[in-house]
Amino acid sequence: MKITAARVIVCCPGRNFVTLKIETDQGLTGVGDATLNGRELAVASYLQDHVLPCLIGRDPQQIEDIWQYLYKGAYWRRGPVTMSAIAAVDTALWDIKAKMAGMPLYQLLGGRSRTGVMVYGHATGRDIAETVDEVLRHREEGYQAIRAQSGVPGLEKVYGVSTTQRMYEPADGNLPNEHDWDSAKYLRHTPRLFEAVREAVGEDIHLLHDVHHRLSPNEAAQLGRSLEPYQLFWMEDPTPADNPQAFRLIRQHTTTPLAVGEVFNSIWDCKLLIEEQLIDYIRATVTHAGGITHLRRIADLAALYQVRTGCHGATDLSPVAMGAALHFDTWVPNFGVQEYMPHSAQMLSVFPHDWRFERGMLYCGETPGHGVDIDEKLAAKYPYQRAYLPVNRLQRDGTLWDW
Ligand code: GCO
Ligand code: MG
């Protein structure tokens, strides 16, 4: 069996997606997601200019060898651009292999470990009252796990809160928008938010919160402690994880569970956090962490230390990523939760898929492969549009801060 063609498709049905499609001499095709929000064309070029010429003629069944070839062979290892490109190839090859076997991907990985995938939805509001309403609306829709974010009094624009629409889209500018930040205001406000949310929603719903890398380790420890009465499922990215040792301090002071890893692209980013049991959930994804082949290694390492998965699932990961993630989640023994930020109908129309949402759970389909394709004709109607993630500055003096 041989790879006969491979194409990178960049489209913008409401937001940018980079998709790789691989074709074989036996007529089977596979797709993978390579979207790196705000830096999409870098991955498209990495694939187009450097990876695809090496793929033509190779046997698509040799997934492991191709993974090693692209990883070790480039000499320049790791990094989000490289690992997203490798991920797209890997995901497309697993799709092809599962189609060859006539099986849904989760069967090839080792079979079903659960009936469905618990997801968490996003409840966001401009203030506490709005967030409480959104949490209750999610509960009505059947969600068992809900992430709560709200505007912070005195701050113009904060992470996760859209001022104009209900759906929040992180890449919101044709040049980077500027947000403002004040850790003290946020630290005062957030326990109040969770007090109100917990009071309204009761004890049975899992509550999550994303700090988006904005606190110092000491501040993160304070926040974790002040949220303990509200029994969070997790507190996400409380401080940047560039220096994983920083989590030792947080861990010493709070039992609020921690989730980290949406920006990780390699097992080496995760290693210390997992081995020292400094986190409870690892958020690496199929798309940014080297595909199914590499994410599986991360999950297996995590399992040794009772760390569970909580794959990133924002809208900047395409429906292809969601399809692959759901097969992974259906199999992985140490599953925790899957993020679910629904794509718009327009986005979904470009990616025919067989997964479905029902009362707080996502279910992968049973069609061979990972169950997601791309409608290339439709995709061609939505050309790339430049879009950036925002930057964040301290309100006090404009110092550039973590976003
Ligand atoms: C999340 C994330 C996202 C990211 C986005 C960046 O927890 O869902 O933090 O909202 O900001 O994916 O591209
Ligand atoms: Mg996050």
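Let me begin by describing the structure that accompanies this report.

Calculation criteria
Residues numbered from 1 in each chain as written. Chains lettered and ligands numbered in written order. Predicted model: local features only at pLDDT ≥ 70, side-chain atom pairs only at ≥ 80, totals over all residues. Heavy atoms only, no water. Near = heavy atom within 4 Å. Polar contact = N/O pair within 3.5 Å; in protein donor to acceptor, adjacent residues only side chain to side chain. Areas by Shrake-Rupley, 256 points an atom, 1.4 Å probe, with all protein chains shown as cover. Salt bridge = Lys/Arg side-chain N within 4 Å of Asp/Glu carboxyl O. Helix = DSSP H or I, 4+ residues; strand = E, 2+ residues; numbered from the N terminus. Buried < 20%, exposed > 50% of the residue type's maximum accessible area, 1.4 Å probe, protein only. Phe/Tyr/Trp six-rings, centres within 6.5 Å; stacked < 30°, edge-to-face > 60°. Axes fitted to C-alpha atoms, helices over the stretch in contact; angles between N-to-C directions. Parallel < 35°, antiparallel > 145°, perpendicular 65-115°, else oblique. Left-handed = near helix turned anticlockwise from the far one by under 90°. Contact = heavy atoms within 4.5 Å. Donors = N, O, S within 2.8 Å, 3.2 Å for Na, K, Ca; no water. Core = buried A, V, L, I, M, F, W, Y, C linked by side-chain atoms within 4.5 Å. Domains from an automatic or database assignment.

Lining the immediate environment of ligand 1, one finds 15 residues, of which Tyr159, His212, Glu262, Asp316 and Glu339 sit closest. Glu236 has a polar side-chain atom sitting 2.9 Å from an oxygen atom of ligand 1. Take Glu339: an N or O atom from its side chain is 2.5 Å from an oxygen atom of ligand 1. In the complex, 95% of the free accessible area of ligand 1, which totals 340 Å², lies under the protein chains.

Another point: the pattern of salt bridges. In total, this model carries 23 salt bridges according to the counting rule given. Where Asp269 meets Arg78, a salt bridge forms, and the shortest distance between an N and an O atom there is 3.2 Å. Residue Asp269 is found in helix H9 (residues 267-275), and its partner Arg78 is found in the loop between helix H2 (63-73) and helix H3 (80-101); the two are separated by 191 residues along the sequence. On the accessibility criterion, Arg78 (33% relative accessible area) is partly exposed.

With that settled, the discussion passes to the packing of aromatic side chains. A complete count under the given rule lists twelve aromatic pairs for this structure. An angle of 50° between the planes, with centres 4.9 Å apart, marks the rings of Trp181 and Tyr186 as tilted. With respect to burial, Trp181 and Tyr186 carry one shared label: buried. Aromatic pair Tyr340 and Phe357: ring centres 5.2 Å apart, planes at 25°, arrangement stacked. Of this pair, Tyr340 sits in the loop between strand S12 (338-339) and helix H12 (345-350) while Phe357 sits in strand S13 (residues 356-358), and the two are 17 residues apart along the sequence. Using a relative accessible area of 9% as the deciding quantity, one classes Tyr340 as buried. A residue is classified by how much of its surface remains accessible, and Phe357, at 28% relative accessible area, is partly exposed.

The next point concerns the packing of helix H6 (residues 183-201) against helix H7 (residues 217-227). Orientation of H6 relative to H7, taken along the N-to-C sense of each, is 15°, at an axis distance of 9 Å. Judged on the interaxial angle alone, H7 and H6 are roughly parallel. Crossing handedness for the pair H6 and H7: right-handed. When H6 is examined against H7, the residues Ser183, Tyr186, Leu187, Thr190, Pro191 and Phe194 are found in contact with a partner set consisting of Glu219, Gln222, Leu223, Ser226 and Leu227.

Moving on, we come to the side chain of Asp180. Relative to the helices and strands, Asp180 is located in strand S6 (residues 178-181). Among the polar contacts made by the side chain of Asp180, one reaches the main-chain amide nitrogen of Glu156 at a distance of 3.1 Å. A distance of 3.2 Å separates a polar atom in the side chain of Asp180 from a polar atom in the side chain of Gln395. Sequence-distant contacts of Asp180, defined by excluding residues within four places in its chain, comprise Leu155, Glu156, Lys157, Val158, Asn392, Arg393 and Gln395.

To continue, consider the coordination of the magnesium ion (ligand 2). For a metal with four tetrahedral donors the ideal donor-metal-donor angle is 109.5 degrees, whereas six octahedral donors ideally subtend 90 or 180 degrees. Distances from the magnesium ion (ligand 2) to its protein donors, Asp210 (OD), Glu236 (OE) and Glu262 (OE), fall at 2.0 to 2.2 Å. Sequence spacing among the residues donating to the magnesium ion (ligand 2) works out to D-x25-E-x25-E. Separated by 26 residues along the polypeptide, Asp210 in strand S7 (residues 206-210) and Glu236 in strand S8 (residues 234-236) bring together distant segments of the chain. Assigned by exposure class, Asp210 and Glu236 land together as buried.

On to the nonpolar core, then. Core analysis: the largest hydrophobic core is formed by 110 residues, its most contacted members being Leu20, Ile22, Leu47, Val89, Phe247, Ile279 and Ile282. The dominant element in this core, judged by the number of residues it contributes, is H3, at ten residues. Both domains that furnish three or more residues to this core are identified here as domain 1 (3-104) and domain 2 (109-367). Every residue in contact with Ile279, bar those within four places of it in the chain, is listed here: Phe247, Arg251, Leu258, Val260, Leu273, Ile274 and Val307.

As for its position among the elements, Glu130 is in helix H5 (residues 128-140). Residues Glu130 and Pro383 lie 253 residues apart in sequence; the distance between their C-alpha atoms is 35 Å. There is a polar contact of 2.6 Å between the side chain of Glu130 and the side chain of Arg126.

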